[in-house]
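Topology and contacts: notes
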Amino acid sequence: MRKILYSLLLCLLLTGEAISASNSSEAFLSLPFGHPYARVQKRMENSGAKVLTPRKDSLTMEGMFESYPATFIFGFHKNKIMNTKSLYLQSMGNAEYDQKFYEALQKGMNASYGKTQETPTANTRSAGKIMLKNVWTPDRYTTITLTYNPEMSKRFPGSSINSKFIQLIYKYDKWD
């Protein structure tokens, strides 16, 4: 997971858009599957994220991810170990900067997990619009999905998960 962070930071530095801010990006990206609930919560809190809704099988937190307001959602297997982690980023209202950030994130993921084909997908939130989707499968149990919704980067969206311009979802299926 550190490779992703370093690749992302390198891409951001190369584009001249990196912003030095306290955020939870390293904690989120480096969190391995199998961590217990309490350890995930503590690690994210130490990086500045705040708990929104604690439950037995999921944990929702709010924080910053590379200068973007972010919602982090962690899912836990019945054995109380993390098997999914999701990141939802809110636009800051600058579509050009949002697109550059998406492209840097995509490059970082491609550098870490191999190049994948970006595919347009029907936008379930806006009829007649598309979203861009990338899927990586670094091993037979792990699936990583990066979705970019350009419609949500044109304005400040609401607080709903569906109104975020980037969604990054890691899923681990070994225990299912």
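Residues numbered from 1 in each chain as written. Predicted model: local features only at pLDDT ≥ 70, side-chain atom pairs only at ≥ 80, totals over all residues. Heavy atoms only, no water.

A look at the pairing of strand β4 (residues 82-89)
Consecutive side chains along a regular strand alternate between the two faces of the sheet. Within β4, seven of the eight residues are buried, which leaves it mostly tucked inside the rest of the structure. The sheet contact formed by strand β3 (residues 68-76) and β4 spans seven bridges and is antiparallel. Of the residues in β4, the one forming a bridge with Thr-71 is Tyr-88. Across six bridges, β4 lies against strand β8 (residues 166-172) in antiparallel orientation. Each bridged residue has a counterpart across the sheet, and for Tyr-88 the counterpart in β8 is Gln-167. (Buried < 20%, exposed > 50% of the residue type's maximum accessible area, 1.4 Å probe, protein only. Helix = DSSP H or I, 4+ residues; strand = E, 2+ residues; numbered from the N terminus. Pairing = 2+ DSSP bridges.)

A look at helix α3 (residues 37-46)
Taken together, the buried positions of α3 are Tyr-37, Val-40 and Met-44. Viewed along the axis of α3, the buried residues span an arc of 70 degrees, placing them on a single side of the element. Turned more than 90 degrees away from the buried face of α3 sit Ala-38, Arg-39 and Asn-46, all of them exposed. Those residues of α3 that are buried lie in contact with α2 (25-30), β1 (50-54), β2 (58-65), β3 and β4. Looking one or two residues beyond α3, the residue adopting positive phi is Gly-48, at roughly 110 degrees. (Arc of directions from axis to C-beta. Contact = heavy atoms within 4.5 Å.)

Remarks on the packing of aromatic side chains
Scanning the model with the defined rule gives 13 aromatic pairs in all. Aromatic side chains Phe-33 and Tyr-172 sit 5.0 Å apart centroid to centroid with 15 degrees between the ring planes, which places their arrangement in the stacked category. Of this pair, Phe-33 sits in the loop between α2 and α3 while Tyr-172 sits in strand β8, and the two are 139 residues apart along the sequence. Each member of the aromatic cluster is reached from another via a ring pair, and the members are Phe-28, Phe-65, Tyr-68, Phe-72, Phe-74, Tyr-97, Phe-101, Tyr-102, Tyr-148, Phe-165 and Tyr-170. In this structure, Lys-85 packs its charged tip against the face of Phe-28, placed 5.2 Å from the ring centre. Lying across the ring of Tyr-170, Lys-85 places its NZ or CZ 4.7 Å from the centre. (Phe/Tyr/Trp six-rings, centres within 6.5 Å; stacked < 30°, edge-to-face > 60°. Lys NZ or Arg CZ within 6 Å of the ring centre and 35° of its normal.)

A look at helix α4 (residues 95-113)
Between its first and last C-alpha atoms α4 spans 27 Å; for 19 residues at 1.5 Å apiece the expected length is 27 Å, and the two agree. If you check which residues of α4 are buried, you get Tyr-97, Asp-98, Phe-101, Tyr-102, Ala-104, Leu-105, Gln-106, Gly-108, Met-109, Asn-110 and Ser-112. Where α4 begins, the side chain of Asn-94 points an oxygen toward the backbone nitrogen of Glu-96, at a separation of 3.2 Å. Positive backbone phi, at 95 degrees, marks Gly-114, one or two positions downstream of α4. (Expected span 1.5 Å × (residues − 1). Polar contact = N/O pair within 3.5 Å; in protein donor to acceptor, adjacent residues only side chain to side chain.)

Focus: the environment of Pro-32
Positionally, Pro-32 belongs in the loop between α2 and α3. C-alpha of Pro-32 to C-alpha of Met-82: the two residues are 50 residues apart in sequence and 8.1 Å apart in space. Dropping the residues within four chain positions of it, Pro-32 is found in contact with Arg-43 and Met-82.

As for the side chain of Asn-110
By secondary structure assignment, the location of Asn-110 is in helix α4. By relative accessible area, Asn-110 is classed as buried at 15%. A distance of 3.2 Å separates a polar atom in the side chain of Asn-110 from the backbone nitrogen of Thr-116. In this structure Asn-110 touches Lys-115, Thr-116 and Trp-136, once residues within four positions along its chain are discounted.

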